[in-house]
Amino acid sequence: MYRFLFFIASLFLTPAAWAQPVTFGASVQLTGPVANTGRYYKDAYEFAVEKINAAGGIKIGSVHQKIALKILDNQSDVNLSVRQYVQLLAQDKVNFLLGPFASNFVLADSSIAEKSRVPMVQGGGASDQIYSRGYQYIFGTLPAASNYFGSTIEAMTKLNPRPQTVALLYADDSFDVSVAKGTRELLNKAGLKTVIDERYSTNASDFSVLLSRIKSENADAVLVAGHETEILNFIRQAKSLDVSPKLYSFTVGVPSADFRHALGKDANGASGMTAWLPSATLKDQWFGDAEKFARAWKTKFAYEPDYHAASGVATVEALVNAIQAAGSTDPQKVRDALTKVSFDSLYGRVAFDDKGQISLPQIMVQIQNDDVVPIYAGKDFINKLQYPLAPWSKR
Amino acid sequence: MELLFQVLVSGLLLGGLYALMALGLALVWGVLNIVNLSHGALIMLGAYVTYFLVTGAYIDPFAALPIAAAVLFAIGYLIQRGVLNLVIRGPMFNTLLITFGIEVVLTYLTQLWFSADFRTINPGYAGSNYTVGGITIPYVQVLVFVIAIGLTVAMWLLLLHTRTGRGIRAAAQNLVAARLYGVSPKSVYALTFGLGAALAGVAGGLYGTVSQINPYIGGPLTAKSFVIAIIGGLDNPLWVIVGGLFLGIIESLTALYIGSTYRDVASFGILVLILIVRPSGLLGRTT
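Residues numbered from 1 in each chain as written. Chains lettered and ligands numbered in written order. Predicted model: local features only at pLDDT ≥ 70, side-chain atom pairs only at ≥ 80, totals over all residues.

**Digging into the overall build of chain B**
The helix and strand inventory of chain B stands at 11 helices and two strands. N-terminal to C-terminal, the α/β element order of chain B is α-α-α-α-β-β-α-α-α-α-α-α-α. Taking 287 residues into account, the globule formula puts the C-alpha radius of gyration at 19 Å, and chain B, at 19 Å, falls close to it. The dimensions of chain B, computed from C-alpha atoms along their principal axes, are 60 × 50 × 35 Å. Counting across all 287 residues of chain B, residues that qualify as buried make up 54%. The contacts in chain B between residues at least 6 apart in sequence include a share of 78% that link residues at least 24 apart. (Helix = DSSP H or I, 4+ residues; strand = E, 2+ residues; numbered from the N terminus. Rg over C-alpha atoms; globule rule 2.2 N^0.38 Å. Buried ≥ 20, exposed ≤ 12 C-beta atoms within 10 Å, placed from the backbone. Contact = placed C-beta atoms within 7 Å.)

Shown next, in the form of structure tokens:
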């Protein structure tokens with residue numbers, strides 16, 4: 001009884017400073033097969049919220065409100081993540097949603113946001129499918145999957161000697177299928193001949209057959225859209241089967257320190273792409289700039305950030321900017337404000353097109369002497385591409 | 001033609017590793033009548049033990065294999081003695097559930113301790129190869145293959161010609177009679193499970209030298225081992241080799257002629273076919 005009276009009294013006595021924080025909720029892969037990349041998002045959300053709160057939080061009208069964060073572990077299970085987003089909205093009453101990692105998760109989870117009319121800003125899914133359904137409440141900070149190989153193919157057409165034949169391999173999930181679809185068109189437009197165009201099962205561990213075909217078809221360039229585990233196996237088996245195309249490029253892995261570490265010297269020569277490099281020219285309201293951000297991240301979490309990390313931070317900043325612009329935490333008003341946000345961040349310029357997706361160029365990168373080197377970002381080569389790659393015996 | 005031979009060679013070498021992975025599972029299944037769903041997790045642990053011996057103590061991966069085997073033997077022995085022996089007389093469903101539970105616990109503990117980082121066992125000579133008549137033969141895979149075959153044959157000899165082996169087979173064939181002749185089921189079971197785990201440990205170390213390691217590699221490896229055990233049967237370790245090689249080649253040919261996405265369709269399709277056509281196993285007994 002006393003407790004109840006105390007509770008009633010506390011309702012009336014709550015000072016303004018105790019105003020409820022604005023809560024962001026997300027379901028992220030903290031365990032399970034995708035945990036390795038999922039951690040970027042958890043760390044990014046926490047780091048961004050910590051920084052923004054330290055700077056006073058969100059300014060809504062004249063009131064500063066803190067951000068609270070609710071992160072659940074979906075164990076790399078899509079069905080669980082859908083249930084958790086329902087729980088976040090229904091039970092935990094979070095105000096806004098941040099995304100999980102990976103397109104297949106975003107595809108499923110964004111339906112919850114859409115149905116509940118609560119905006120979800122996500123930095124983990126790039127598949128064009130996410131934005132082709134006419135959804136109004138999904139916003140994404142990863143550039144379109146269909147253009148992941150855009151800069152690479154453009155660079156290929158400017159190489160001397162120009163690669164004549166291309167092999168395109170892709171895993172059978174939503175993101176990689178989108179990449180392949182876009183890449184196929186780009187290759188046709190560039191007039192490059194595709195000699196192998198093959199889909200493989202996600203989590204495949206043996207690539208000896210595909211590699212043997214690459215060797216037998218004599219593909220000059222190999223483009224692989226897949227997952228880090230597959231690409232690790234692909235490169236290791238390429239070495240042991242002595243398959244060395246003149247150029248090979250991968251959608252994931254190359255920008256991640258963990259990936260390079262696992263392969264050691266064998267990672268050298270692998271190309272890839274990233275929408276983000278930790279450059280001091282990318283200024284940020286809360287972190288100073290991208291270079292400072294990368295350094296602070298490394299000190300705090302003891303591993304290097306890659307574009308997943310920056311993309312995750314950008315989603316939090318986009319929400320904060322939209323809430324401030326809307327001057328309210330009303331989901332509808334914030335959703336409308338999100339369509340108009342446009343600000344510079346450590347990730348680059350954040351603004352969403354009419355489908356809700358960001359537009360950023362992909363920078364082609366290559367691992368040279370154990371380091372990620374930017375190669376081509378449209379127009380001109382930034383650094384020299386190691387091309388054609390030497391046979392394995394001479395590396 | 002060159003392509004076909006290259007694919008056959010790769011499939012054969014892959015099959016050797018498959019066989020070794022399945023060997024421990026088939027042994028435990030045949031003797032204890034437990035389908036050990038944590039088998040893949042034990043392979044994963046073996047890979048980690050080898051990895052840390054290689055990167056921490058700078059031991060050559062192949063020299064580290066006996067240590068990995070010993071560590072996994074101890075783990076397996078303890079799991080059987082401490083957990084599985086308590087339910088060994090229960091229905092098969094219970095042991096399935098318990099080994100599934102052990103799988104989950106081992107996987108998540110591994111992530112907790114070692115993180116989800118990708119790792120590879122990558123000595124300087126990994127990836128070196130020899131080309132003959134246009135066909136590339138990777139040395140490490142050949143070594144893996146030889147070890148796999150060698151261990152299988154050793155296992156066969158152990159079961160056939162040693163007192164311990166006869167005890168194990170006796171316990172599998174007729175427990176009552178075996179007990180009358182002085183076989184202690186508890187220790188035979190623990191020994192068998194330990195041996196199964198030790199084989200998984202070696203398989204894990206070898207897997208790490210040709211593939212990549214993370215806490216979640218176990219599940220698919222258990223499934224693959226299961227298929228091979230069904231193909232090869234549980235009677236004789238030598239049939240397990242045949243089962244492994246058969247699967248390796250079928251998978252490779254499927255990937256070559258039908259498409260890479262159909263690999264698993266082929267291997268699990270074979271499983272279904274065998275269960276329909278010859279439920280007792282293609283090459284030997286499975287129950």
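**Quick word on the overall build of chain A**
Along the backbone of chain A there are 12 helices and 18 strands. If you line up chain A on its principal axes, its C-alpha atoms span 80 × 40 × 35 Å. Split into buried and exposed, the 395 residues of chain A put 55% on the buried side. For chain A, the share of sequence-separated contacts (at least 6 apart) that also reach a separation of at least 24 residues comes to 67%.

**Some thoughts on the sheet that holds strand S6 (residues 120–122) of chain A**
The pairing of strands in a sheet happens through backbone hydrogen bonds and is either parallel or antiparallel. All names here are of chain A. Strand order in the open sheet formed by five strands is S4-S1-S5-S6-S7, and the pairing between neighbours is parallel. The open sheet is flanked by strand S4 (67–73) and strand S7 (138–140), the only strands paired with a single partner. Taking the axes of each pair of neighbouring strands and ignoring which way they run, one obtains an average angle of 25° across the sheet. When strand S5 (residues 96–98) meets S6, the two strands line up parallel, connected through two bridges. (Pairing = 2+ DSSP bridges. Axes fitted to C-alpha atoms, helices over the stretch in contact; angles between N-to-C directions.)

**A look at helix H11 (residues 307–326) of chain A**
In this model, H11 of chain A (20 residues) spans 28 Å end to end at C-alpha, consistent with the 28 Å of a helix rising 1.5 Å per residue. Where H11 of chain A terminates, the next one or two residues include Gly327 of chain A, which has phi positive at roughly 65°. (Expected span 1.5 Å × (residues − 1).)

**Considerations on the confidence of the model for chain A**
Taken residue by residue, chain A gives an average pLDDT of 93. The fraction at 70 or more is 95%. Considering only residues more than four positions removed or in separate chains, one finds that residues 12–18 of chain A, a stretch of pLDDT under 50, has zero contacts. (pLDDT = per-residue confidence, 0-100.)

**Looking at the confidence of the model for chain B**
Detail in the predicted coordinates should be disregarded across regions flagged by low pLDDT. All names here are of chain B. Per-residue confidence for chain B gives a mean pLDDT of 91; residues scoring 70 or more make up 98%. Mean pLDDT across the secondary structure elements of chain B bottoms out at helix H7 (residues 175–180), with 88, and peaks at helix H2 (residues 39–56), with 97. Among the prediction metrics, the complex's ipTM stands at 0.92, with pTM recorded as 0.90.

**A closer look at the sheet that holds strand S17 (residues 363–368) of chain A**
Residues and elements named next belong to chain A. Pairing is mixed across the open sheet formed by seven strands, whose spatial order is S9-S8-S10-S11-S12-S17-S18. If you trace the sheet from one side to the other, it starts and ends with strand S9 (193–200) and strand S18 (371–376), each paired once. For this sheet, the mean angle separating the axes of adjacent strands, direction not counted, is 25°. Looking at chain direction, strand S12 (residues 271–274) and S17 are connected through four bridges and run antiparallel. Within S17, the residue paired with Ser271 across the bridge is Gln366. Against the sheet, helix H7 (residues 208–217) makes contact with strand S8 (165–171), S9 and strand S10 (221–225), and its axis sits at roughly 175° relative to S9, the strand it touches most.

**Examining the domain arrangement of chain A**
Often the size quoted for an interface is simply the accessible area lost on bringing the parts together. All names here are of chain A. Segmenting chain A into domains produces domain 1 (15–143 + 279–351) and domain 2 (147–274 + 363–394). Taken together, the contact pairs 14 residues of domain 1 with 10 residues of domain 2. Grouping the amino acids of the side of domain 1 that touches domain 2 by side-chain chemistry returns six nonpolar, five polar and three charged. (Domains from an automatic or database assignment. Nonpolar A, V, L, I, M, F, W, Y, C, P; charged D, E, K, R; others polar.)

**A word on the packing of H11 of chain A against helix H12 (residues 331–338) of chain A**
Residue and element names in this part refer to chain A. At a closest axis distance of 8 Å, the pairing of H11 and H12 adopts a crossing angle of 110°. When the axes of H11 and H12 are compared, the pair comes out roughly perpendicular. For the pair H11 and H12, the sense of crossing is right-handed. The segment H11 lies against H12, with Ala318, Ala322, Ile323, Ala325 and Ala326 engaging Lys333, Val334, Ala337 and Leu338. (Parallel < 35°, antiparallel > 145°, perpendicular 65-115°, else oblique. Left-handed = near helix turned anticlockwise from the far one by under 90°.)

**Points about the pairing of S10 of chain A**
All names here are of chain A. In terms of burial, S10 is a largely internal element, five of the five residues being buried. Both faces of S10 are covered, namely the face carrying Ala221, Leu223 and Ala225 and the face carrying Val222 and Val224. Where S8 and S10 come together, five bridges link them in parallel fashion. Residue pairing for S10: Leu168 is matched across the bridge by Leu223. When S10 meets strand S11 (residues 247–250), the two strands line up parallel, connected through four bridges. The residue bridging Val222 from the neighbouring strand is Tyr248, located in S11. Handedness of the β-α-β unit built from S10, helix H8 (residues 228–240) and S11 comes out right-handed. (Right-handed = clockwise from strand over helix to strand, strands pointing away.)

**Let's talk about the nonpolar core**
Looking at soluble globular proteins, one finds that nonpolar side chains tend to be buried together. With 130 residues, the main nonpolar core has Leu97, Ala310, Val313, Val316, Ala318, Leu319 and Leu338 of chain A as its most contacted residues. When residues in this core are grouped by element, the largest group, 11 residues, is from H11 of chain A. Residue assignment places this core across two domains, with domain 1 (15–143 + 279–351) and domain 2 (147–274 + 363–394) of chain A each supplying three or more. Once you skip the residues sitting within four places of it in the chain, Ala310 of chain A turns out to touch Trp276, Ala290, Pro305, Leu346 and Tyr347 of chain A. Core analysis: the next-biggest nonpolar cluster, separate from the first, contains 88 residues, Leu45, Tyr48, Ala69 and Leu245 of chain B among them. (Core = buried A, V, L, I, M, F, W, Y, C linked by C-beta atoms within 7 Å.)

**Observations concerning unusual backbone geometry**
All names here are of chain A. A cis amide bond links Asn160 to the next residue, Pro161, at an omega of -5°. Here Pro161 shows up in the loop between helix H5 (150–157) and S8. A cis amide bond, omega -10°, links Tyr387 with the succeeding residue Pro388. Within the secondary structure layout, Pro388 lies in the segment after S18. One non-glycine residue, Ser76, adopts positive backbone phi at about 60°. Positive phi values are uncommon outside glycine, yet Asp242 reaches one of about 55°. The residue Asp242 is located in the loop between H8 and S11 in this model. Residue class for Asp242 comes out partly exposed when judged on the 19 C-beta atoms lying within 10 Å of it.

**A word on the interface of chain B and chain A**
At the junction of the two partners, chain B supplies 34 residues and chain A supplies 36 residues. Broken down by secondary-structure element, the contributors of at least two residues to the side of chain B that touches chain A are helix H1 (2–32), helix H4 (92–114), strand S1 (129–132), strand S2 (135–138), helix H5 (139–161), helix H10 (237–257) and helix H11 (263–277) of chain B. Ranked by the residues each element gives to the side of chain B that touches chain A, the list is headed by H1 of chain B, at six residues. In terms of residue class, the side of chain B that touches chain A is made up of 12 nonpolar, 17 polar and five charged.

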